[in-house]
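Structure assessment
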Amino acid sequence: MKTQVAIIGAGPSGLLLGQLLAKSGIANIVIEQRSAAYVLGRIRAGVLEQTTVELLDQAGVSARLHREGLPHDGVELCFGGQRHRIDLHGLTGKRVTVYGQTEVTHDLMDARTAAGLPTVYEAQNVRISGFDGTQPQVHYELDGVTHDVSCDFIAGCDGYHGVCRASVPAASLNLHERVYPFGWLGVLADVPPVNHELIYVHHERGFALCSQRSHTRSRYYVQCALDDKVENWSDDAFWNELKCRLPAATAAELTTGPSLEKSIAPLRSFVAEPMRFGRLFLAGDAAHIVPPTGAKGLNLAASDVGFLWQAFSEHYGGSAGGLDAYSQRALARIWKAERFSWWMTSLMHKFPDTSSFGQHMQQAELDYLFSSQAAMTVLAENYVGLPMV
Ligand code: RFL
Ligand code: PHB
């Protein structure tokens, strides 16, 4: 088989890129190692920036998002037992939309099927070759049969553990990493959210987050030890721990219920540079990871895809510059989101080795934040998403 762009990975990056390229008349295939049901079963992001929503509009997959997504004009930070609101819309003129990654992926999969675009699920032993020359290829096995796809370009949208970044010679990559000494234990439950907006909680027992997927489905997280196991946490133990970290009045309003899903995610900051090697382009988690505290991972994946779509469109439209500029343009935005996610993580979590001095620094920063319109505007500008330039 032959195509213009072979996309590895059917997460949000790969599927969004495929949809945008198809809109521009650029032929593509998506090759995914898991089943569609497995991809949809991963509970991940919940907050979309306006630029992400605009890209989903351009891809023609946002009808349900506009019907069912929840626009949020503010977000709360809680510390010292007090809740403080950041007026995102008042400070920036922008808002975020609460709409689960599962739903975004669902809409993208449905649109891909409706458009009859080629997608391979459960591809085994996916390999890429020739991307440092002029004839890139993707190889995979399906039901014991080997397939080879010849293409102009490969888009590595295969996440942190994917094959694309791993296929680049180590000497060509600069890796930057910070691993945090804790994880997040997350619970999804069909209970109404405790608040109409998100609450990020700083507490001496550790961070907590009250998020949501709809008016009837909540997503909650508590900071946990890195070596903790989901089996150690009954639903009751989770709800009790969450209540301990909320102000008493908020805990009293919390509706609990059986968990639909419970999982632990480690926290990491990671960037691989550059994001282009010959005819291979990395996008999304394949190139970078942010800790989830700033809600930036899916949004960064979307902005990479926006830049890459522009680059391919320029290339097939006859102008060479876009492909050359991709890595630098994407990384300029990525590093700013890395900084914000690292800052939010450092501000809101309990670090096992922090001295009393470190605790006072966190406290002073939080006190300052809510005494300064300028500081709140900095947070708000970053939270709603920096412009794609
Ligand atoms: P994905 O979603 O990991 O998809 C990659 C796909 O590639 C497939 N794959 C392969 N396919 C073929 N051959 C191979 N060799 C392959 N290896 C892997 C995988 O099966 C998979 O289907 O990466 P993508 O598309 O770049 O999307 C990135 C986002 O998923 C991620 O950044 C976000 O989920 C991060 N994130 C959040 N982001 C936000 O913007 N807002 C949030 O509120 C938010 N909350 C979160 C999060 C991530 C979390 N976890 C679990 C890490 C909350 C959590 C708890
Ligand atoms: C989520 O709803 O899963 C979520 C929301 C905000 C974050 C991280 C995760 O910062």
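Just so it is clear, the model here is predicted, and its values are computed rather than measured. (Residues numbered from 1 in each chain as written. Chains lettered and ligands numbered in written order. Predicted model: local features only at pLDDT ≥ 70, side-chain atom pairs only at ≥ 80, totals over all residues. Heavy atoms only, no water.)

1. Some details on the site of ligand 1
Near ligand 1 lie 32 residues; those nearest to it are S13, E32, Q101, D285 and L298. Taking S13, its side chain carries an N or O atom lying 2.6 Å from an oxygen atom of ligand 1. Backbone polar atom of G46 to an oxygen atom of ligand 1: 3.2 Å apart, as the coordinates give it. When ligand 1 sits alone it has 1,000 Å² of accessible area, and the protein chains cover 88% of it. Mapped by element, the contributors of at least two residues to the shell around ligand 1 are α1 (12-23) and α10 (297-316). Ranked by residue count, the leading element in the shell around ligand 1 is α10, at three residues. Its residues placed into classes, the shell around ligand 1 shows 14 nonpolar, eleven polar and seven charged. (Near = heavy atom within 4 Å. Polar contact = N/O pair within 3.5 Å; in protein donor to acceptor, adjacent residues only side chain to side chain. Areas by Shrake-Rupley, 256 points an atom, 1.4 Å probe, with all protein chains shown as cover. Helix = DSSP H or I, 4+ residues; strand = E, 2+ residues; numbered from the N terminus. Nonpolar A, V, L, I, M, F, W, Y, C, P; charged D, E, K, R; others polar.)

2. Concerning the sheet that holds strand β7 (residues 96-98)
Overall, antiparallel pairing links the three strands, which are arranged β3-β7-β4 in an open sheet. With one partner strand each, in any of the chains shown, β3 (47-48) and β4 (70-72) form the two edges of the open sheet. Pairing of β4 with β7 involves three bridges; the strand directions are antiparallel. By the bridge assignment, L70 is partnered in β7 with V98. (Pairing = 2+ DSSP bridges.)

3. With respect to the sheet that holds strand β19 (residues 288-289)
Spatially, eight strands are ordered β6-β5-β13-β14-β15-β12-β16-β19 in an open sheet, and the strand pairing comes out mixed. Either end of the sheet is taken by a strand with one partner, and the two such strands are β6 (82-86) and β19. Here two bridges tie strand β16 (residues 259-273) to β19, and the two strands are oriented antiparallel to one another. Counted as the bridge partner of V271 is H288 from β19.

4. Focus on the packing of aromatic side chains
Taken as a whole and judged by the stated rule, the model has 16 aromatic pairs. Here F153 and F312 contribute two aromatic rings whose centre-to-centre distance is 5.2 Å and whose plane-to-plane angle is 45 degrees, an arrangement assigned as tilted. Taken together, the positions of F153 in strand β11 (residues 145-156) and F312 in helix α10 put the pair 159 residues apart, joining distant regions of the chain. Relative to W239, the ring of F238 lies with its centre 5.5 Å away and its plane at 80 degrees, an arrangement referred to as edge-to-face. Of the two residues examined, F238 and W239, each falls in the buried class. (Phe/Tyr/Trp six-rings, centres within 6.5 Å; stacked < 30°, edge-to-face > 60°. Buried < 20%, exposed > 50% of the residue type's maximum accessible area, 1.4 Å probe, protein only.)

5. Section: helix α13 (residues 373-384)
Spanning twelve residues, α13 covers 16 Å between terminal C-alpha atoms, matching the ideal 16 Å at 1.5 Å per step. Every buried residue belonging to α13 is among A375, M376, T377, L379, A380, N382, Y383 and V384, and all of these are buried. You can read the cap of α13 off the contacts: a side-chain oxygen lies 3.2 Å from the backbone nitrogen of A374, and it is on S372. Looking one or two residues past α13, G385 carries a phi angle of roughly 110 degrees, positive in sign. (Expected span 1.5 Å × (residues − 1).)

6. Focus: the site of ligand 2
The environment of ligand 2 is made up of 14 residues, and the closest members are Y200, S211, R213, Y221 and P292. Y200 has a polar side-chain atom sitting 2.7 Å from an oxygen atom of ligand 2. A295 places a main-chain nitrogen or oxygen 3.4 Å from an oxygen atom of ligand 2. Look at ligand 2: alone it shows 280 Å² of surface, and the protein chains cover 96% of it. Class assignment for the residues of the shell around ligand 2 results in eight nonpolar, three polar and three charged.

7. Side note on unusual backbone geometry
The amide bond that connects E273 to the next residue, P274, takes the cis arrangement and shows omega of -10 degrees. Mapped onto the secondary structure, P274 falls in the loop between β16 and β17 (276-277). Phi at N125 is positive, roughly 45 degrees, even though this residue is not glycine. Secondary-structure assignment places N125 in strand β9 (residues 124-129). Residue N125 is classed as exposed on the basis of its relative accessible area of 53%.

8. Brief notes about the environment of R127
Mapping R127 onto the fold places it in strand β9. A relative accessible area of 47% places R127 in the partly exposed class. The sequence separation of R127 and P292 amounts to 165 residues, and the corresponding C-alpha distance is 30 Å.

9. So, the pattern of salt bridges
For the structure shown, the criterion picks out 15 salt bridges. As a salt-bridge pair, R333 and E49 come within 3.0 Å of each other at their nearest N and O atoms. With R333 in helix α11 (residues 321-348) and E49 in the loop between β3 and α3 (50-58), this pair connects stretches of sequence that are 284 residues apart. The residue R64 makes a salt bridge to D107 at a minimum N-O spacing of 2.9 Å. Of this pair, R64 sits in helix α4 (residues 63-68) while D107 sits in helix α6 (residues 101-114), and the two are 43 residues apart along the sequence. On the accessibility criterion, D107 (10% relative accessible area) is buried. (Salt bridge = Lys/Arg side-chain N within 4 Å of Asp/Glu carboxyl O.)

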